[in-house]
Every structure is written in structure tokens, then in C-alpha cells.
Amino acid sequence: MVRLGQAARTAATAMRRTATGAKNAALLAMAERLIEARAELLAANARDLARGQESGLDAALLERLALDDRRIDAMVEGLNQVAALPDPVGEIDGLRSRPSGIQVGQMRVPLGVIGIIYESRPNVTLEAASLCLKSGNACILRGGSEARESNAAIAGCIRAGLADAGLPEGAVQVVATTDRAAVGRLIAMPEYVDVIIPRGGKSLIERISREARVPVIKHLDGVCHVYIDATADPQKALAIAVNAKTHRYGTCNTMETLLVDAPVAEALLPKLAAAYAEHGVELRGCERTCTILPEAVPATEEDWHTEYLAPVLAIRVVDGMDAAVAHIERYGSHHTDAIVTEHYGLARRFMAEVDSSSVMVNASTRFADGFEYGLGAEIGISTDKLHARGPVGLEGLTTRKYIVLGDGQVRQ
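Parameters and conventions
- Residues numbered from 1 in each chain as written.
- Predicted model: local features only at pLDDT ≥ 70, side-chain atom pairs only at ≥ 80, totals over all residues.
- Heavy atoms only, no water.
- Helix = DSSP H or I, 4+ residues; strand = E, 2+ residues; numbered from the N terminus.
- Buried < 20%, exposed > 50% of the residue type's maximum accessible area, 1.4 Å probe, protein only.
- Contact = heavy atoms within 4.5 Å.
- Areas by Shrake-Rupley, 256 points an atom, 1.4 Å probe, with all protein chains shown as cover.
- Phe/Tyr/Trp six-rings, centres within 6.5 Å; stacked < 30°, edge-to-face > 60°.
- Lys NZ or Arg CZ within 6 Å of the ring centre and 35° of its normal.
- Pairing = 2+ DSSP bridges.
- Right-handed = clockwise from strand over helix to strand, strands pointing away.
- Axes fitted to C-alpha atoms, helices over the stretch in contact; angles between N-to-C directions.
- Parallel < 35°, antiparallel > 145°, perpendicular 65-115°, else oblique.
- Left-handed = near helix turned anticlockwise from the far one by under 90°.
- Lys, Arg positive; Asp, Glu negative; His and termini not counted.
- Salt bridge = Lys/Arg side-chain N within 4 Å of Asp/Glu carboxyl O.
- Polar contact = N/O pair within 3.5 Å; in protein donor to acceptor, adjacent residues only side chain to side chain.
- Core = buried A, V, L, I, M, F, W, Y, C linked by side-chain atoms within 4.5 Å.

S.K.: Teacher, can you tell me more about the overall build of the protein here?
M.R.: For the protein, the helix and strand inventory stands at 15 helices and 16 strands. Oriented by its inertia axes, the alpha-carbon framework of the protein measures out at about 70 × 65 × 35 Å. Here the protein, with 412 residues, has 52% of them falling under the buried criterion. When contacts within the protein are restricted to residue pairs at least 6 apart in sequence, long-range pairs at least 24 apart make up 73% of them. In the form shown here, the protein has an accessible surface area of approximately 17,800 Å², with 52% of it arising from carbon and sulfur atoms.

S.K.: Help me out: how do you make sense of the packing of aromatic side chains in this one?
M.R.: Aromatic ring pairs are reported here in terms of the distance separating the ring centres and the angle at which the planes meet. Taken as a whole, this structure holds zero aromatic pairs when the rule is applied. Cation over ring: arginine 316 sits above tryptophan 304, and NZ or CZ is 4.3 Å from the ring centre.

S.K.: Just checking my understanding: could you explain the pairing of strand 9 (residues 282-285) for this structure?
M.R.: Remark: a regular strand shows side chains that alternate across the two faces of the sheet. Alternating residues of strand 9 divide into Leu283 and Gly285, all buried, and Glu282 and Arg284, none buried. Pairing analysis gives two bridges linking strand 9 to strand 10 (residues 297-298), with the strands arranged parallel. When the sheet's bridge partners are listed, arginine 284 is paired in strand 10 with valine 297. Running through helix 12 (residues 287-292), the crossover from strand 9 to the neighbouring parallel element strand 10 is right-handed.

S.K.: When you look at the packing of helix 14 (residues 320-331) against helix 15 (residues 344-353) in this model, what are you seeing that I'm missing?
M.R.: If you want to describe how two helices pack, look at the angle between their axes and the distance between the axes. Remark: helix 14 packs on helix 15, axes separated minimally by 11 Å, with the N-to-C direction vectors making an angle of 20 degrees. Classified by the interaxial angle, the pair formed by helix 14 and helix 15 is roughly parallel. Like other packed secondary-structure pairs, helix 14 and helix 15 cross with a definite hand, here right-handed. For the pair helix 14 and helix 15, the contacting residues are Met321, Asp322, Val325 and Ile328 in the first and Leu346, Arg349, Phe350 and Glu353 in the second.

S.K.: What's the story with the side chain of arginine 64 in this structure? I'm lost.
M.R.: You can see arginine 64 is positioned in helix 4 (residues 59-65). It is glutamate 307 that comes nearest to the buried, bridge-free arginine 64 among opposite-charge side chains, at 5.5 Å. A distance of 2.6 Å separates a polar side-chain atom of arginine 64 from the backbone oxygen of glycine 250. Ignoring anything within four residues of it in the chain, the contact list for arginine 64 reads Arg71, Ser120, Arg121, Pro122, Gly250, Thr251 and Leu309.

S.K.: Mind showing me how you'd approach the nonpolar core here?
M.R.: For soluble globular proteins, the rule of thumb is that nonpolar side chains tend to be buried together. Core analysis: the largest hydrophobic core is formed by 65 residues, its most contacted members being Ile116, Ile196, Ile208 and Ile379. No other element matches helix 6 (residues 123-134), which puts seven residues into this core. In contact with isoleucine 116, not counting residues within four places along its chain, are Ala128, Cys132, Ile140, Leu141, Arg142, Ile197 and Ile379. With 37 residues, the next largest nonpolar core counts Leu268, Leu269, Trp304 and Tyr308 among its residues.

S.K.: I tried to follow the sheet that holds strand 5 (residues 172-174) on my own but got confused; where do I start?
M.R.: Pairing between sheet strands relies on hydrogen bonds along the backbone, with the strands arranged either parallel or antiparallel. Pairing is parallel in the open sheet, where four strands are placed in the order 5-4-3-6. Each edge of the open sheet carries a strand with a single partner, namely strand 5 and strand 6 (195-199). Sheet twist, expressed as the mean angle between neighbouring strand axes with direction ignored, is 15 degrees. Both strand 4 (residues 138-142) and strand 5 contribute to a ladder of three bridges, which runs parallel. Note that in strand 5 the partner of leucine 141 across the bridge is valine 174. Each of strand 3 (113-118) and strand 6 touches helix 9 (residues 202-211); the most contacted strand, strand 6, lies at about 165 degrees to it.

S.K.: Explain the sheet that holds strand 16 (residues 398-405) here, please?
M.R.: Taken in spatial order, the three strands make up an open sheet running 1-2-16, and their pairing is antiparallel. Whereas interior strands pair on both sides, the edge strands pair on one side only; in this sheet they are strand 1 (92-97) and strand 16. Across the sheet, the mean angle separating the axes of adjacent strands is 20 degrees when strand polarity is ignored. Bridging between strand 1 and strand 2 (residues 103-110) involves four bridges; their strand directions are antiparallel. Bridge pairing links serine 97 to glutamine 103 in strand 2.

S.K.: Got a minute to help me understand the pairing of strand 12 (residues 336-340) in this structure?
M.R.: A large share of strand 12 lies buried, amounting to five of its five residues. Of the two faces of strand 12, the one holding Thr336, Ala338 and Val340 and the one holding Asp337 and Ile339 are both buried throughout. As paired elements, strand 7 (residues 224-228) and strand 12 share four bridges and run parallel to each other. By the bridge assignment for strand 12, valine 226 is matched with alanine 338. Examined bridge by bridge, strand 12 and strand 13 (residues 358-361) share four bridges and lie parallel to one another. Each bridged residue has a counterpart across the sheet, and for threonine 336 the counterpart in strand 13 is serine 358. Crossover strand 12 to strand 13 through helix 15 is right-handed.

S.K.: What am I meant to see in the pattern of salt bridges here?
M.R.: When the charged atoms of two side chains with opposite charge come close together, those side chains can pair. Using the criterion set out here, one finds 27 salt bridges in the structure. As a salt-bridge pair, arginine 284 and glutamate 282 come within 2.8 Å of each other at their nearest N and O atoms.

S.K.: I would appreciate a short explanation of the environment of aspartate 322 in the present structure.
M.R.: Looking at where aspartate 322 falls in the secondary structure, it is placed in helix 14. Spatially, the C-alpha atoms of aspartate 322 and serine 357 are 20 Å apart, while their sequence positions differ by 35 residues. Among the polar contacts listed, one links the side chain of aspartate 322 to the side chain of arginine 349, at a separation of 2.6 Å.

Next up, the structure:
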């Protein structure tokens, strides 16, 4: 790990002076290498999936682990999109003149070396590499042992793309060992690593946050809510609430609790229940929900705190906006929360009062994603307030430094 850290630090110095064209060339070369290696990637992933099934990985983890042609195409498209994005490095803003005659502004610069620790999803290897590369950073990537063959195959495409563009191999390094001690070393090397980004289960992120000796960009869990207001268009409400839960179960932006305003609960909940039944979603409801939906399981206090990552949904009937916001404040994870409403004032209040990294009006929580936000790809989602919040793309992997332009001025 020390050797990886030293190589990354050396590469980070080189990346600070790498031109945008060279970074884009590397990304496009990686995309070509990925297309050429499609069969190899699918075969490696099939071996990982078979091993995961044998070891008893649950359905949510297996779904995250799986690669298919559609996901490989999305990885290629992500590389192309990141290459097409404006390069934030070197941007100067806020330039203003001072009475002394100097001009003061801020320049956007790379963070340096980024360590990324993640589980299951092999596509994260490529997304992380692309965003770190475009933002001028070096990165050390440590994927989960369950995806080791998939990650190794993707790492081969990355190395080839870097070589094709003449960039240092140390700019993107994938940790080959599955030894857990490697993680402990990676998060405790402030001399080589500037920031850590964990992506995975709550236990992993809690451990990283507790033991890291370098700053961490993170979110612990995604207890996301959709609140259906009494003024909501019923068709919009039905479409959004079903999509937010059933589009994918194993993601942090999936709705886990549905809040329904009392005046529309009796009319809307049976329609929602029928739609969820078609998807095999188990409903756990408050007392008022269970009165309307006898098939719902009575919810416990723990249900309101739970990120299921499964076809299970908690439902609560609430008395208006204040009760909905109070529920989200008490039980939410500050990740993503949405309101469905036709009332402009309530929409404005919800956006102002809900303290989450993404707040949505009349849209599915599933849009809380770097790709959907136009970031090309994301390296993760942060529910912290410093230094990045929400989906973390290129700008989230940079910082700013003050620059001063003068013409011989001296301070009097």
C-alpha cells in the first residue's frame, strides 16, 4: 500500500500539469479498450456471480455485482460523456480588483490523491477512474472481493487506455489484494492520500469514518421519502411513487418510506397498493394505512429508520406538510426526498425546509444520480455539508485556491 501511495503521489504531480486533451484521449482510449474486451468482461463477471451465489450473497448484492451488455454500454457512454464535459481544472472565478491594485480570485485545482473503497458494483471502478482522471487527480481503487475478477478485467482496460494516451500508470491503480488490512492502511496514509470516498454498506462506511486519518466524503444510508400532498395530480403521484420504489431496489436513491397526505389517502392508497402488488412489494403501514389497506403489515418504529434495499416499503398517512417534514427530519438520512404537489407555495416550502442533499418536486427520487444530473458519472453521493454535497462529479473532486495578480504592488 505504501508503494501504491508513493506511485499515486508522483502521478498526482504529473496530472496537475496534464492538458485536457491528453485526459480526454485517455478516457476515449479506455472506452475503446472496454468495447474490445466485452467478452472478457462478461466472462470475468460470470465467474464472480457464480462464486457469489455459492457463498450466499443476497439478491441485492448480486444485482449490484452483475454486468451485462446494457451496463457495459452505459460504462462506455459514461466515459464518452466525461470526456465531453468541460474540464474544471484551471477555471478562475470571482476575480475582483482591490484598492491596492491587486486582483484576487479563485482557481479550481485537483484534490490530489483520492482513495476509493467500494463493494459489489464493478462499474464503479470505471466511473471512479474516469472522474478522477478528468479532474486531474490520481486515485487508488479498492473494490470488494466479490467483484475481484470483474475489477481486474476493467483495470486492464484502464491501464491500456492510460498507456495509449501516454499518461502515468500510477494515475489509476486498482488494489489487487483482497486482504482487509489493505483498507486499514489506505485510510491511514495522509502523506500519500488526500481524501477517502467509501461506497458500500453502512458498516463499511461507519468503519471508514471511524478509523480514517484523512478526510472522508460519504453518506451512511439512503432512507429516501416521497410525500404525496393533497393537491397532487393522482397520475403523477402514482407514477412517481411506483418508479421511486420499483425501478431498482438495491440503490441508495430508492424510496424506502412513502408519506401520504390524509385527505387523499383513502382514494390513492388502494391504487398504489395494487401497483406495488404487481411488483411483489411488501407494504408496512402505520395504523391509518393498515385501516385502508388490511393487507399491509403493521409498521414498527424500526421500519421508519430502515433502508430496505429490497421490495419492502413503509407507508405513513400524515396530516399535511408540517407532519411530513417533521417525519423526514426525524427519520431521514438527508439523502434524497421528494414532494408530489400542484401547490407552488408548498413546493417552495418543501425545498427550503427539507435538509437533504437532493430535494425534488414532482420527480422520482431515482433521479438523484450523477449521470442523470449531467455529471457524466458520479463517484458517490455525499450527505455531508463539507466539502461536497449530493452526487459528487468533477467539481466535487476539485478544490479552490486563491490566486493574486499584481503588477509590482507592495503592501503599505
